[in-house]
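Survey of secondary and tertiary structure
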Amino acid sequence: MGGFFGDEGKGKIISYLTLKDNASAVVRGGVGPNAGHTVIWQGREFKFRMLPSAFMSPNTRLLIGPGVLVNPKILLDEIERTSTGDRVGVDYNCAVIEEKHIQIDRGSEYLKEKIETTGTGCGPCMADRVNRVAKTAREFDLLTPYLTDVPLEVNGLLDGGKVVLVEGTQGTFLSLFHGTYPFCTSKDVTASSMCADVGIGPTKVSDVLVVFKTYTTRVGGGPLEGELSPEETDRRGWSEFGAVTGRRRRASEFNFKLAKRAVMLNGATMAALTKLDVLFPESRECRDFDVLSNAAKGFVEKVEREIGVPVKIIGTGPSVEDVIDRRR
Ligand code: IMP
Ligand code: MG
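This text gives an overview of the structure that appears in the document. (Residues numbered from 1 in each chain as written. Chains lettered and ligands numbered in written order. Predicted model: local features only at pLDDT ≥ 70, side-chain atom pairs only at ≥ 80, totals over all residues. Heavy atoms only, no water.)

Section: the coordination of the magnesium ion (ligand 2)
Note the threshold: For Na, K and Ca the donor cut-off is 3.2 Å; for every other metal, N, O and S atoms count as donors within 2.8 Å. Water does not enter the count, which can leave sites looking incomplete. Going along the chain from the N terminus, every DSSP run of H or I of four or more residues is numbered as a helix, and every run of E of two or more is numbered as a strand. Any residue under 20% of the maximum accessible area for its type is buried, any over 50% is exposed, and the rest in between are partly exposed; the area is computed with a 1.4 Å probe on protein chains only.
Protein coordination at the magnesium ion (ligand 2): the donors are Asp7 (OD) and Gly36 (O), at 2.0 to 2.4 Å from the metal. With aspartate 7 in the segment before helix 1 (10-21) and glycine 36 in the loop between strand 1 (25-28) and strand 2 (37-41), this pair connects stretches of sequence that are 29 residues apart. Taking relative accessible area as the criterion, aspartate 7 reaches 21% and is therefore assigned partly exposed. Take glycine 36: its relative accessible area is 12%, and that puts it in the buried class.

Some words on helix 5 (residues 122-130)
Stated formally: Working rule for contacts: check all heavy atoms of both residues, and any pair within 4.5 Å makes them a contact.
Regarding helix 5, the residues found buried are Cys122, Pro124, Cys125, Met126 and Asp128. Looking at the packing, one finds that the buried side of helix 5 touches strand 5 (69-70), strand 7 (95-96), helix 3 (99-107) and helix 4 (109-115). Downstream of helix 5 by a residue or two, arginine 132 has a phi angle that is positive, lying close to 60°.

Here we look at the nonpolar core
This is how it is decided: In this description, a nonpolar core means a group of buried Ala, Val, Leu, Ile, Met, Phe, Trp, Tyr and Cys residues linked to one another through side-chain atoms lying within 4.5 Å.
Membership of the largest hydrophobic core comes to 45 residues, with the highest contact counts inside it found for Phe212 and Phe254. Of all the secondary-structure elements, those providing two or more residues to this core are helix 5, helix 7 (191-198), strand 10 (209-213), helix 9 (256-266), strand 13 (270-274), helix 11 (294-307) and strand 14 (311-315). Counting residues per element, this core draws most heavily on helix 9, at six residues. Excluding anything up to four places from it in sequence, phenylalanine 212 contacts Gly3, Phe4, Glu8, Phe254, Ala259, Ala262, Val263, Ala271, Ala272, Leu273, Thr274 and Ile307.

Details of the sheet that holds strand 6 (residues 88-91)
Condition: Two strands pair under a simple rule: DSSP has to find at least two bridges between them. Here the axes come from fitting lines to C-alpha atoms, over the contacting stretch only for helices, and the angles between their N-to-C directions go from 0 to 180 degrees.
With respect to topology, five strands assemble into an open sheet ordered 8-6-4-1-9, the strand pairing being parallel. If you trace the sheet from one side to the other, it starts and ends with strand 8 (147-148) and strand 9 (164-167), each paired once. Here strand 1 runs beside strand 9; their pairing, made up of four bridges, is parallel. The residue of strand 9 that forms the bridge with arginine 28 is glutamate 167. Across the sheet, helix 1 lies against strand 1 and strand 9, angled at about 175° from strand 9, the strand it touches most.

Let's talk about helix 6 (residues 150-159)
For clarity, the cut-off: As used here, the arc belongs to the directions running from the helix axis to the C-beta atoms. We call two N or O atoms a polar contact when they sit within 3.5 Å, provided that within protein one can donate a hydrogen and the other can accept it, with sequence-adjacent residues counted only if both atoms are side-chain atoms.
Taken as a whole, helix 6 has its buried residues at Val150, Val154, Asn155 and Leu157. End-on, the buried residues of helix 6 take up no more than an arc of 155°, which puts them together on one face. Looking at helix 6, the residues exposed on the side facing more than 90 degrees away from the buried face are Leu152 and Asp159. Of the surrounding elements, those touching the buried residues of helix 6 are strand 1, strand 4 (61-64), strand 6, strand 8, strand 9 and helix 7. The N-terminus of helix 6 is capped by aspartate 149, whose side-chain oxygen sits 3.0 Å from the backbone nitrogen of leucine 152.

A word on the packing of aromatic side chains
As a reminder, the rule being used: Pairing of aromatic rings covers Phe, Tyr and Trp, the last through its six-membered ring, and needs centres within 6.5 Å; plane angles under 30 degrees mean stacked, over 60 mean edge-to-face, and all others mean tilted. Charge-over-ring placement is defined geometrically: NZ (Lys) or CZ (Arg) within 6 Å of the ring centre, and within 35 degrees of the ring normal.
With the rule as written, the count across this model stands at 12 aromatic pairs. With centroids separated by 5.3 Å and ring planes inclined at 75°, the aromatic side chains of phenylalanine 4 and phenylalanine 254 adopt a geometry described as edge-to-face. One end of the pair, phenylalanine 4, is in the segment before helix 1; the other, phenylalanine 254, is in the loop between strand 12 (250-253) and helix 9, with 250 residues separating them in the sequence. An aromatic cluster is built from Phe4, Phe212, Phe254, Phe256, Phe280 and Phe299, whose rings are joined through pairwise contacts. In this structure, arginine 236 is placed above the aromatic ring of tryptophan 238, and the distance from its NZ or CZ to the ring centre is 5.0 Å.

Notes on the site of ligand 1
For the record, the criterion: Proximity is defined per residue: if any heavy atom of the residue lies within 4 Å of a molecule or strand, that residue is considered near it. Accessible surface area values rest on a Shrake-Rupley calculation with a 1.4 Å probe, where residue burial reflects the displayed protein chains alone.
Taken together, 15 residues lie near ligand 1, and Asn34, Thr118, Thr185, Val219 and Arg247 sit nearest. Between an oxygen atom of ligand 1 and a main-chain N or O atom of valine 219, the distance comes to 3.0 Å. Within the complex, the protein chains bury 96% of what would otherwise be the 470 Å² of accessible surface of ligand 1.

Remarks on the sheet that holds strand 10
Spatially, four strands are ordered 10-13-14-15 in an open sheet, and the strand pairing comes out mixed. Single-partner strands in this sheet number two, and they are strand 10 and strand 15 (323-325). Adjacent strand axes in the sheet meet at a mean angle of 20°, parallel and antiparallel pairs treated alike. Here five bridges tie strand 10 to strand 13, and the two strands are oriented parallel to one another. What sits directly across from valine 211, in strand 13, is alanine 272.

Written as structure tokens, this is what we have:
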């Protein structure tokens, strides 16, 4: 799950866990192609807006849960770029984003100018879904080769003792229920909803991992406490640009208060902290907690104290392998 406003580095963490834990399936929950997850694997950069971030593991099923909105063009393009067609599964009941949804998202002053949505048609498609007039994946011939019953597949794997990862999108404070309404996305995006998105009951979940970045960023409108000027953001090396829209991300220091609340709202059992190397350059590509500088260790320990759950995974560089894993 994302602990702030999205873009915490979930894609990288999911990729790492897929390889390390030999996941049988990675299932994407969340809203839809408004989210972009970036994975740097063997020197190449991949951006995913539909597929789960796990293509590098050849035996892993790549599933999209029925709660997720699908843009068929973006999905097919990602399948082609990663040659993963034989292991992608899209649930029959995913609602499909059509051109009209994108036009409404981009044409509405309220959505485009005030909320500063991603313009990917997600909100308008979700509204159609709530009104029971959206079309579902089973009505699109292009998607036929991939259609499957995702909840049945996922629960079957779990019953067989296999590892399944659920990849959340967006971030806790973009939630329609728990976020900074009306500056938020079009549904809840906390762990409970992520389970519903993919058809897993809460009793089946063994761990909830919330991902934070060592600083806070936000794209689009809405409050950001302690927001830094673009110049100061640049000076700190925190300038980032959105994976979906290319917009400059607004930035502030790590927000301990929000992080603590995200742990509560998601029922987190552990946390991941990405981009430690941006705050502490000497930690770059480090894979062992013990050799971190005292300053870097101190920061991680402060986060743990404030949020009340252990930081088990730490990102120390852009690549999937640049991780400190403290789970064992
Ligand atoms: P929408 O989800 O496109 O309707 O956009 C609503 C708000 O959520 C805007 O502020 C977007 O920038 C933000 N948003 C939606 N998805 C993401 C994401 O995956 N990362 C970061 N911001 C997002
Ligand atoms: Mg993103």
